[in-house]
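As a plain string of letters, each chain reads:
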Amino acid sequence: SLPNLQAALAPRIATGEVEWLEPVVGDAARAKYLFDRLRRKPTPNVLHFIGHGTVQNNNPALRVGDEDGEEKWIPVELIAQEIQGNFQSDLRAIILEACEGAAPSAFASAAEIFGRAGADAVVAHLWPVRADIARTCSEQLYRALTQADHGIGDISRALNEARRSLFVTYENTSQ
């Protein structure tokens with residue numbers, strides 16, 4: 001999914017309209033490194049999480065890089081506190097792209113917490129979604145979000161445009 005997102009933004013990256021920051025993947029996505037990255041500059045305008053979410057003890061959690069082969073889940077509240085303390089007015093949007101096995105309630109609850117932490121907008125899947133549809137939705141969202149001739153940066157317009165694209169691309173988007 002990550003290479004597809006980068007490819008979708010490639011024309012805007014090439015012109016300098018969009019700055020592609022180094023993705024946090026693999027070992028860098030382990031909890032100890034993730035929090036360090038959230039504390040350093042440059043701070044992104046958009047955080048895009050691709051992965052697993054769950055609810056543990058009535059609190060949403062996101063799966064980060066595994067530690068010693070064991071699953072590692074971080075409460076969303078801890079990530080939100082880090083964002084609130086370090087991103088000030090830089091953070092425009094958080095995209096929570098669910099995998100097919102994610103618990104949709106985890107992303108809905110996470111979206112609310114991230115919104116309270118200062119994100120201008122949070123986009124999350126609120127139902128089970130196939131990986132190919134989630135990936136296409138993200139690609140179309142970013143294309144629409146970065147189109148200079150269509151209200152660049154308007155997340156509401158971009159999300160509606162992405163949704164329309166899904167209805168045209170897929171016969172049954174309820175899967």
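Residues numbered from 1 in each chain as written. Predicted model: local features only at pLDDT ≥ 70, side-chain atom pairs only at ≥ 80, totals over all residues. Heavy atoms only, no water.

Participant: What am I meant to see in the packing of helix 1 (residues 2–15) against helix 5 (residues 131–145) here?
Facilitator: Axis angle and axis distance: for two packed helices, these are the angle between their axes and the distance between the axes, and together they describe the pair. Where helix 1 meets helix 5, the closest approach of the two axes is 9 Å, and the angle between their N-to-C directions is 25°. Here helix 1 lies roughly parallel to helix 5, going by the angle between them. The two elements helix 1 and helix 5 meet at a crossing, and its hand is right-handed. Across the interface between the two elements, Asn-4, Leu-5, Ala-8 and Leu-9 of helix 1 pack against Arg-135, Ser-138, Glu-139, Tyr-142 and Arg-143 of helix 5. Partitioned by chemical class, the residues of the contact of helix 1 with helix 5 number four nonpolar, two polar and three charged. (Axes fitted to C-alpha atoms, helices over the stretch in contact; angles between N-to-C directions. Helix = DSSP H or I, 4+ residues; strand = E, 2+ residues; numbered from the N terminus. Parallel < 35°, antiparallel > 145°, perpendicular 65-115°, else oblique. Left-handed = near helix turned anticlockwise from the far one by under 90°. Contact = heavy atoms within 4.5 Å. Nonpolar A, V, L, I, M, F, W, Y, C, P; charged D, E, K, R; others polar.)

Participant: Hey, could you run me through helix 6 (residues 155–169) in this one?
Facilitator: Residues spaced three or four apart along an α-helix face the same direction, because each turn holds 3.6 residues. Taking 1.5 Å of rise per residue, the 15 residues of helix 6 would be expected to cover 21 Å, and the 21 Å separating its terminal C-alpha atoms lies within 8% of that figure. Listing the buried residues of helix 6 in full gives Ile-155, Arg-157, Ala-158, Ala-162, Ser-165 and Leu-166. Looking at the packing, one finds that the buried side of helix 6 touches strand 5 (93–98), strand 6 (121–124) and helix 5. (Expected span 1.5 Å × (residues − 1). Buried < 20%, exposed > 50% of the residue type's maximum accessible area, 1.4 Å probe, protein only.)

Participant: Hey, could you run me through the nonpolar core in this one?
Facilitator: Soluble globular proteins tend to bury their nonpolar side chains together. One finds Leu-62, Ile-79, Ile-83, Ile-94, Leu-96, Phe-114 and Ile-155 to be the most contacted residues of the largest nonpolar core, which totals 42 residues. Per element, the largest residue contribution to this core is seven residues, and it comes from helix 5. Ignoring sequence-local partners within four residues, the contact set of Ile-155 consists of Ala-93, Ala-121, Val-123, Leu-141 and Leu-145. (Core = buried A, V, L, I, M, F, W, Y, C linked by side-chain atoms within 4.5 Å.)

Participant: Looking at this structure, I do not really get the layout of surface pockets. What am I missing?
Facilitator: Any space left empty among the atoms is revealed by the rolling of a water-sized probe across them. Considering only enclosed or pocket space, the second largest pocket measures out at about 350 Å³ in volume. For the second largest pocket, the lining is made up of 18 residues, of which His-125, Trp-127, Cys-137, Leu-159 and Arg-163 are closest to its centre. Residue assignment for the lining of the second largest pocket shows that the elements contributing at least two residues are strand 5, strand 6, helix 5 and helix 6. When residues in the lining of the second largest pocket are grouped by element, the largest group, five residues, is from helix 5. Of the residues that constitute the lining of the second largest pocket, the class distribution is 14 nonpolar, three polar and one charged. (1 Å grid on protein atoms, 1.4 Å probe; cavity = no way out; pocket = protein on both sides within 12 Å on 5 of 7 lines; lining within 4 Å. Points joined across faces, edges and corners; volume = space filled by probe spheres on them.)

By themselves, these are just geometric observations and shouldn't be taken as functional.
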